[in-house]
Amino acid sequence: MILVVGGAGYIGSHAVKDLLELNQGVVVLDNLSTGHREAIDRKAVFIKGNIKDRKLLKNIFENYKIKSVMHFAANCYVGESIISPLKYYENNVTGTISLLAMMKKYQVNNLVFSSTCAVYGNPKVKKIKESTPTFPINPYGRSKLMIEQIIRDFSRAYGLKYVILRYFNVAGADPLGRLGEDHQPETHLIPNILFHLLNRLENVIVYGNDYNTPDGTCIRDYIHVTDLIHGHILALEYLLKEKKNKVYNLGNDEGYSIKEVITTCEKVTGKKATVFYNEKRKGDPARLISSSERISRELKWQPKYTLEDMIETAWKWYSNFPNGYKN
Ligand SMILES: NC(=O)c1ccc[n+]([C@@H]2O[C@H](COP(=O)([O-])OP(=O)(O)OC[C@H]3O[C@@H](n4cnc5c(N)ncnc54)[C@H](O)[C@@H]3O)[C@@H](O)[C@H]2O)c1
Ligand SMILES: O=c1ccn([C@@H]2O[C@H](COP(=O)(O)OP(=O)(O)O[C@H]3O[C@H](CO)[C@@H](O)[C@H](O)[C@H]3O)[C@@H](O)[C@H]2O)c(=O)[nH]1
């Protein structure tokens, strides 16, 4: 069985769905701090609890034959991490140490870990490779880099095998409309633009228009959640077969400025946005674009969905479920 930690969240719930579709047995551990019980298919075992709870982890490892772990559980907002670094180091770093300690105790040695391109900081290269130096510029990115280092040390000392996936900006929803992104409050760009176009927000707020980019707004590389999860499935297959450690970027290798994302949302929805320019958000790098060449070459991973597809699938979900999972 696969333990999906954080499986009630936006990305984790899409992983649970795809793993079940592949007839894998799934146990979800989630404290529902930002996730939703309704997002987890009833075919998965659901356990509500915190990864810091070692007694609970002990019960899980003793009661279920867990062979591998996908670890999505974290706090993951750049802006919030600057204001509340303690929350980030405590939940992300301490929480993961607890999980890894219990994996060690029960000899569960296969881990797919959700890292982030925030570990690279503000790199000057056009496309970020896995070999690009890591100099995170916010506590969130630093917490993820610390975890990566801890995972490597556990691997050297205790035989843990891992694939670390450094995601770029994840967007979109299940193309069949069963799952979507439901965060309270929502901080991500695409959901907030769509909420405005659905008349739930007065404006689109753009944080900063004097960055050193062609139109002055931040550039990000967006990847559809379905493509991202396909990367996890390939990573887990690789791990179980080859038993080798890997670090991979996961992005579409294309950058879009905030203004371009707004224009694409307008195009997909046929609605016009009112934009309000605000101060820069602290901790935001100007430009993050992936090179996902390594995972494409080694695991034959290819993204199928474009930015328009991401916006279209998210729009469909928000239009059908205006109150998210609480409908
Ligand atoms: N969304 C993105 O664009 C993005 C990009 C890069 C990396 N990531 C990483 O992907 C992972 C998932 O992100 P998401 O967008 O789905 O976030 P999310 O907040 O929707 O999901 C996180 C899940 O983990 C659970 N959780 C948090 N702390 C926990 C704890 N201590 N014990 C048990 N459960 C806990 C939450 O309840 C939630 O269900 C995170 O690790 C994040 O850092 C996300
Ligand atoms: O209403 C909004 C929301 C965001 N932004 C800007 O849009 C860009 C993207 O922001 P957001 O969608 O919040 O994503 P990121 O801050 O880039 O962070 C996401 O993407 C990272 C990878 O780049 C992950 O590590 C994080 O977990 C995930 O939250 C940034 O420049 C923001 O300042 C706005 O201008 N207005």
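Residues numbered from 1 in each chain as written. Chains lettered and ligands numbered in written order. Predicted model: local features only at pLDDT ≥ 70, side-chain atom pairs only at ≥ 80, totals over all residues. Heavy atoms only, no water.

Draft legend 1. Up close: the site of ligand 1. Neighbouring ligand 1 are 30 residues; Asp30, Thr34, Tyr140, Lys144 and His183 lie closest to it. Asparagine 50 has a polar side-chain atom sitting 2.9 Å from a nitrogen atom of ligand 1. Interatomic distance of 2.9 Å between a backbone N/O atom of phenylalanine 72 and an oxygen atom of ligand 1. The protein chains hide 97% of the 830 Å² of surface that ligand 1 would expose on its own. Mapped onto the shell around ligand 1, the elements with two or more residues apiece are α1 (10-21), β5 (110-116), α5 (139-158) and β7 (169-171). Classifying every residue of the shell around ligand 1 gives 13 nonpolar, 15 polar and 2 charged. (Near = heavy atom within 4 Å. Polar contact = N/O pair within 3.5 Å; in protein donor to acceptor, adjacent residues only side chain to side chain. Areas by Shrake-Rupley, 256 points an atom, 1.4 Å probe, with all protein chains shown as cover. Helix = DSSP H or I, 4+ residues; strand = E, 2+ residues; numbered from the N terminus. Nonpolar A, V, L, I, M, F, W, Y, C, P; charged D, E, K, R; others polar.)

Draft legend 2. Representation of the sheet that holds strand β4 (residues 68-71). The sheet built from 7 strands is open, its strands ordered β3-β2-β1-β4-β5-β6-β11 with parallel pairing. The open sheet has two free edges, formed respectively by β3 (45-48) and β11 (246-250), since each of these has just one partner strand. Along the sheet, successive strands turn relative to each other by an average axial angle of 20°, direction set aside. As paired strands, strand β1 (residues 2-5) and β4 are joined by 4 bridges and run parallel to one another. Counterpart to isoleucine 2 in the pairing with β4 is serine 68. Contacts from helix α7 (residues 225-242) reach β1, β4, β5, β6 (161-167) and β11 within the one sheet, and its direction differs from that of β6 by about 160°. (Pairing = 2+ DSSP bridges. Axes fitted to C-alpha atoms, helices over the stretch in contact; angles between N-to-C directions. Contact = heavy atoms within 4.5 Å.)

Draft legend 3. Up close: the packing of aromatic side chains. Within this structure, the stated rule accounts for 7 aromatic pairs. Between phenylalanine 61 and tyrosine 106, the aromatic rings sit 5.8 Å apart at their centres with planes inclined by 25°, giving stacked as the arrangement. Here the residue phenylalanine 61 occupies a position in helix α2 (residues 54-63), and tyrosine 106 occupies one in the loop between α4 (85-105) and β5, the gap between them amounting to 45 residues. Overall, phenylalanine 61 belongs to the buried group, its relative accessible area being 8%. (Phe/Tyr/Trp six-rings, centres within 6.5 Å; stacked < 30°, edge-to-face > 60°. Buried < 20%, exposed > 50% of the residue type's maximum accessible area, 1.4 Å probe, protein only.)

Draft legend 4. The arrangement of the site of ligand 2 in detail. Near ligand 2, the surroundings consist of 20 residues, among which Thr116, Asn169, His188, Arg281 and Asp284 are the closest. At a separation of 2.5 Å, an oxygen atom of ligand 2 approaches a polar side-chain atom of asparagine 169. Tyrosine 207 has a polar backbone atom sitting 2.9 Å from an oxygen atom of ligand 2. When residues of the shell around ligand 2 are traced back to their parent elements, those giving at least two are α6 (189-197) and β8 (204-207). It is β8 that provides the largest number of residues to the shell around ligand 2, a total of 3 residues. Classifying every residue of the shell around ligand 2 by side-chain character gives 12 nonpolar, 5 polar and 3 charged.

Everything listed here is a matter of geometry and, on its own, says nothing about what the molecule does.
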